[in-house]
Each structure stands twice: as structure tokens, then as C-alpha cells.
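# Inside the fold
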Amino acid sequence: MVLVDSHRRVFAVVFWFVLLPGPTGAILYRLATFLDERWGAQTGELSAFGNFARRAFTALDWLPARFTGAAFAVVGDFEDAVYCWRNQASKWPDPNLGIVLASGAGAMGVRLGMPILDKGVVADRPELGLGEPADTGHLDSTVGLVWRSLVMWLLLLLLVSLAGAVT
């Protein structure tokens with residue numbers, strides 16, 4: 001969940017903040033996220049709006065998910081992250097989250113997924129990553145991966161800003 005939250009609440013928001021002028025992109029992305037979480041799974045009379053919300057969010061999340069996955073690969077174990085991205089991400093129900101989770105798991109050298117208990121029902125999820133199963137001991141490496149990715153993004157933004165100021 002840390003990888004998903006860091007992507008949806010930090011990296012994708014920063015991506016859209018930079019891509020569109022100022023806070024417009026960040027607000028647009030967070031609004032799409034809210035509408036998808038609130039109405040994306042609706043059925044019945046709200047299903048048309050729910051389908052639109054889900055498609056709009058998926059479209060807005062397509063490119064930032066790939067940038068986040070690439071950042072995790074660059075600051076973590078690159079080979080395993082790219083291997084997991086290419087071979088395991090498509091098995092996840094949400095393809096964009098599959099990229100983020102598979103590359104994050106590969107970058108840290110842990111396995112994610114596997115069955116979980118959700119609201120009293122066992123939900124089977126595909127396995128992502130390589131190595132030993134993730135446990136609470138891996139939270140420090142997850143936080144480190146997110147911090148390294150954030151620093152990399154900020155340094156990249158600084159370099160792009162400096163290049164724009166020079167020209």
C-alpha cells in the first residue's frame with residue numbers, strides 16, 4: 001500500500017503539476033483519483049458516471065505510473081525491477097498499479113501479492129516481485145526506495161529548470 005500511496009499522492013501529483021501549468025495538473029489528477037475512488041466501482045444508475053470516472057483516471061494515470069516504475073527501477077535493483085515490470089505487471093487487475101507494484105517489488109527484492117483477507121473474503125492476487133515475501137521488516141527499505149525516488153525526481157526537476165533558465 002505504501003508504493004501505491006506514494007505513487008498516487010506524491011509522484012503522479014508532482015508529474016501533473018510539472019506537465020500542466022502549475023496546480024491545474026495536480027488538482028486535475030487528485031480530482032480524477034477522488035472520482036474514481038468514490039464512483040468508479042458504482043453499479044446501477046450511477047454506473048455511466050462511474051465508468052467515465054474509471055476511464056478518465058486510468059488515462060491520467062497511464063504515464064505517471066510508468067515514470068514512477070522507472071524511478072523505482074533506477075534507484076533500486078534495476079534488473080529485477082525491469083524483469084518484474086515486463087513479466088508480472090500485466091497479471092495485476094489494474095495495469096497501471098501492476099507496473100508500480102511490480103517494479104517496486106523488484107527494486108526491493110521482495111514478493112508482493114499473494115492471497116489476502118479482505119472483508120472476510122479471501123482475495124487471490126497475483127504474485128509480484130522476486131525474493132522472500134514482504135513483512136514488516138521490509139518497511140524501512142520501502143521508505144528508503146520512496147525517498148530515493150523522490151530525491152531523484154527533484155534533482156531531475158532542478159536540472160530541467162536550470163537548463164530552461166540557461167537557454
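Below is a summary of the structure that appears in this document. (Residues numbered from 1 in each chain as written. Predicted model: local features only at pLDDT ≥ 70, side-chain atom pairs only at ≥ 80, totals over all residues. Heavy atoms only, no water.)

What follows covers a nonpolar patch on the surface. On the surface, Val-143, Trp-147, Val-151, Leu-155, Leu-158, Leu-159 and Leu-162 cluster together into a nonpolar patch covering about 700 Å² of accessible area. Residue placement: Leu-155 occurs in helix H6 (residues 139-166). (Patch = residues over 30% accessible without salt bridge, like charges linked within 9 Å, V, L, I, M, F, W, Y side chains within 5 Å. Areas by Shrake-Rupley, 256 points an atom, 1.4 Å probe, with all protein chains shown as cover. Salt bridge = Lys/Arg side-chain N within 4 Å of Asp/Glu carboxyl O. Helix = DSSP H or I, 4+ residues; strand = E, 2+ residues; numbered from the N terminus.)

On to the sheet that holds strand E4 (residues 128-129). Across a sheet, paired strands are connected by hydrogen bonds in the backbone, their directions being either parallel or antiparallel. As summarised here, the arrangement of the 3 strands in space is E4-E1-E5, forming an open sheet in which the pairing is mixed. Either end of the sheet is taken by a strand with one partner, and the two such strands are E4 and strand E5 (132-133). Here 2 bridges tie strand E1 (residues 110-112) to E5, and the two strands are oriented parallel to one another. Bridge pairing in E5 links Val-110 to Glu-132. (Pairing = 2+ DSSP bridges.)

Turning next to the side chain of Thr-68. Of note, Thr-68 is situated in helix H3 (residues 47-75). Ignoring any residue separated from it by four or fewer positions in sequence, one finds Thr-68 in contact with His-7, Phe-11, Val-100 and Trp-153. (Contact = heavy atoms within 4.5 Å.)

Next up on the list: the packing of H3 against helix H5 (residues 95-108). The N-to-C vectors of H3 and H5 enclose an angle of 10 degrees; their axes lie 8 Å apart at closest approach. Between H3 and H5, the angle falls in the class roughly parallel. Taking contact as the criterion, the partners of Thr-58, Asp-61, Trp-62, Ala-65, Arg-66, Thr-68, Gly-69 and Phe-72 in H3 are, on H5, Asn-96, Ile-99, Val-100, Ser-103, Gly-104 and Ala-107. Residue classes in the contact of H3 with H5 are distributed as 6 nonpolar, 6 polar and 2 charged. (Axes fitted to C-alpha atoms, helices over the stretch in contact; angles between N-to-C directions. Parallel < 35°, antiparallel > 145°, perpendicular 65-115°, else oblique. Nonpolar A, V, L, I, M, F, W, Y, C, P; charged D, E, K, R; others polar.)

Before going further, it helps to examine the pattern of salt bridges. For the structure shown, the criterion picks out 4 salt bridges. Notably, a salt bridge pairs Asp-5 with Arg-9, separated by 3.1 Å at the nearest N-O pair. Note that Asp-5 and Arg-9 are positioned in helix H1 (residues 2-19) at a spacing of 4 residues, about one turn of the helix. Judged by relative accessible area, which is 28%, Asp-5 ranks as partly exposed. (Buried < 20%, exposed > 50% of the residue type's maximum accessible area, 1.4 Å probe, protein only.)

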